[in-house]
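So you can see what is in the structure, the chains are spelled out below.
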Amino acid sequence: MPFTCETCGKSFKRGMSLKVHSLQHSGEKPFKCENCNERFQYKYQLRSHMSIHIGHKQFMCQWCGKDFNMKQYFDEHMKTHTVL
Ligand SMILES: [Zn+2]
Ligand SMILES: [Zn+2]
Ligand SMILES: [Zn+2]
């Protein structure tokens, strides 16, 4: 295979796979949860993390009781209560 990891000698068919793999050695966390911005080193970690966001609304507005499963939407909603 044309792409070989210089750190552990593992080889890959595609340059992209090697790139993703090499992040494991550098300690970077390439997988980001879009819901809460938490980062993960491995895809399976992100996948199991995602289950906490599914079917489970963890952000509730204390002003009107509306609930959200994404912090992003919750933050947007909270702006509507901000009176300047
Ligand atoms: Zn490697
Ligand atoms: Zn998350
Ligand atoms: Zn509200």
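Heads up: these notes are all about the structure in this document. These figures come from a predicted structure and were not determined experimentally.

Focus: the coordination of the zinc ion (ligand 3)
- Coordination sphere of the zinc ion (ligand 3), protein contribution only: Cys61 (SG), Cys64 (SG), His77 (NE2) and His81 (NE2), at 1.9 to 2.3 Å.
- Here the zinc ion (ligand 3) is ringed by 4 donor atoms whose angles at the metal span 103 to 122°, and the overall shape comes out tetrahedral.
- All donors to the zinc ion (ligand 3) come from one chain, and their sequence spacing reads C-x2-C-x12-H-x3-H. One end of the pair, Cys61, is in the loop between β5 (59-60) and β6 (67-68); the other, His81, is in the segment after α3 (71-79), with 20 residues separating them in the sequence.
- Relative accessible area serves as the criterion here: at 1%, Cys61 is assigned to the buried category.

Examining the pattern of salt bridges
- The tally for this structure, following the rule as stated, stands at 2 salt bridges.
- With a closest N to O distance of 3.1 Å, Asp75 and Lys71 form a salt bridge. Taken together, the positions of Asp75 and Lys71, both in helix α3 and 4 residues apart, correspond to about one turn of that helix.
- Judged by relative accessible area, which is 33%, Asp75 ranks as partly exposed.
- Residue class for Lys71 comes out partly exposed when judged on its relative accessible area of 38%.

Each value, and the rule that gives it
- Residues numbered from 1 in each chain as written.
- Chains lettered and ligands numbered in written order.
- Predicted model: local features only at pLDDT ≥ 70, side-chain atom pairs only at ≥ 80, totals over all residues.
- Heavy atoms only, no water.
- Donors = N, O, S within 2.8 Å, 3.2 Å for Na, K, Ca; no water.
- Tetrahedral: all angles 85-135°; square planar, octahedral: opposite > 155°, others 65-115°.
- Helix = DSSP H or I, 4+ residues; strand = E, 2+ residues; numbered from the N terminus.
- Buried < 20%, exposed > 50% of the residue type's maximum accessible area, 1.4 Å probe, protein only.
- Salt bridge = Lys/Arg side-chain N within 4 Å of Asp/Glu carboxyl O.

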